[in-house]
Amino acid sequence: MSTLIICKNSIAASPYYIEEASLNVYSLEELSYYILNNVYLLSSKLMSPELCNWIGRELKNQTLSKELLGLVQSNAPLHIFVGHILSANGYSSNKEIKDVLSIISTFENKSEPERRKLRADRLMAGDKLIDAVYEYETLLADDLTKQMSAVTEGDVYHNLGCAFAKLFLFDEAIKCFDEGYKRNHKKQTLYCLLYANKCAHNEEGFQEFVKKYQVPNDEIYEVNNIILGATNNEKIVDFDRAINDLLSDDSNRQSSSEVMTNIINSWKKEYIKLCKI
């Protein structure tokens, strides 16, 4: 684990391996940390006899082990199972437990594609773009798309396009927005399709989609204005100004270079953060 966790309960000699996260945990505290920080990644796979037996054998907590086995055998809801784990040690606050169980109860009765979309959406919201891309692509590659409405499938393509666009992979984003709009027919997806073409400096592609989807002139005007507004970002304006100063005035070469270097470094940090897994 990347975070220091004080464990007051037993620590296992042999860890329990959580396959979905490729993670070993050695204590109830570490298991609780995983649950609290990956709630949208949880599924009924967590409710395994292997985990229950590991808690009894390695953590010497026979009482909790028997309780959890009973829940597995009775096919109890996931939030009840998780609640027993979180309440069995002092790692989680009452509010944290209540919030997590509330979240789990909102998605545990949804279909598998709906749950997986929620997980991917949560990763997107947390700027874990690489993980989100993997979740969306896996969902679209599986037969589970047959269980989704056309609109929902289009929304998945839309969100995948947004993830690619944030990573500056505009060609991939364009394909996703196009597939998304074919299915959900939402103006937001159409606009994103046009934005992505503009960001890719693909004027030919922009005009192609305008013609293909018969985009009216007032909406083209709106899209162009939004793109113009985005390029008036403070850092972009400062960067352009520094380049112009660098080209036009040798006396400001050092200060202009420093401004450009600082802005580039801040952009690099932001991008690296978005690419973290």
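Residues numbered from 1 in each chain as written. Predicted model: local features only at pLDDT ≥ 70, side-chain atom pairs only at ≥ 80, totals over all residues. Heavy atoms only, no water.

Draft legend 1. Inspection of the packing of helix α9 (residues 170-184) against helix α10 (residues 187-199) at higher detail. Running from N to C, α9 and α10 cross one another at 160°; their axes reach a closest spacing of 8 Å. Between α9 and α10, the angle is such that the two are roughly antiparallel. For α9 against α10, the interelement crossing comes out left-handed. Between α9, through F170, A173, I174, F177, D178, G180, Y181 and N184, and α10, the contact on the second element is made entirely by T189, L190, C192, L193, A196, N197 and C199. Classifying every residue of the contact of α9 with α10 gives ten nonpolar, four polar and one charged. (Axes fitted to C-alpha atoms, helices over the stretch in contact; angles between N-to-C directions. Helix = DSSP H or I, 4+ residues; strand = E, 2+ residues; numbered from the N terminus. Parallel < 35°, antiparallel > 145°, perpendicular 65-115°, else oblique. Left-handed = near helix turned anticlockwise from the far one by under 90°. Contact = heavy atoms within 4.5 Å. Nonpolar A, V, L, I, M, F, W, Y, C, P; charged D, E, K, R; others polar.)

Draft legend 2. Representation of the confidence of the model for the protein within the structure. The share of residues in the protein with pLDDT of 70 or more is 96%, and the mean pLDDT across the chain is 88. Looking across the protein, the model is least confident in helix α13 (residues 234-248), with a mean pLDDT of 77, and most confident in α9, with 97. (pLDDT = per-residue confidence, 0-100.)

Draft legend 3. Layout of the packing of α13 against helix α14 (residues 253-275). Following both chains from N to C, one finds α13 and α14 inclined at 150°, their axes separated by 9 Å at the closest point. The chirality of how α13 crosses α14 is left-handed. When α13 is examined against α14, the residues K235, I236, D238, F239, A242, I243, D245 and L246 are found in contact with a partner set consisting of R253, S256, S257, V259, M260, I263, I264, S266, W267 and E270. Here the contact of α13 with α14 is composed, by residue class, of ten nonpolar, three polar and five charged.

Draft legend 4. Representation of the packing of aromatic side chains in the model. In the structure shown here, the tally under the stated rule is five aromatic pairs. With a centroid separation of 5.7 Å and an interplanar angle of 45°, the aromatic rings of Y16 and W54 are classed as tilted. Of this pair, Y16 sits in strand β1 (residues 16-18) while W54 sits in helix α2 (residues 49-57), placing them 38 residues apart in sequence. Neither Y16 nor W54 differs from the other in exposure class; each is buried. Centroid distance F209 to Y213: 6.3 Å. Interplanar angle 5°. Geometry classified as stacked. The exposure class assigned to F209 is buried, which follows from its relative accessible area of 11%. (Phe/Tyr/Trp six-rings, centres within 6.5 Å; stacked < 30°, edge-to-face > 60°. Buried < 20%, exposed > 50% of the residue type's maximum accessible area, 1.4 Å probe, protein only.)

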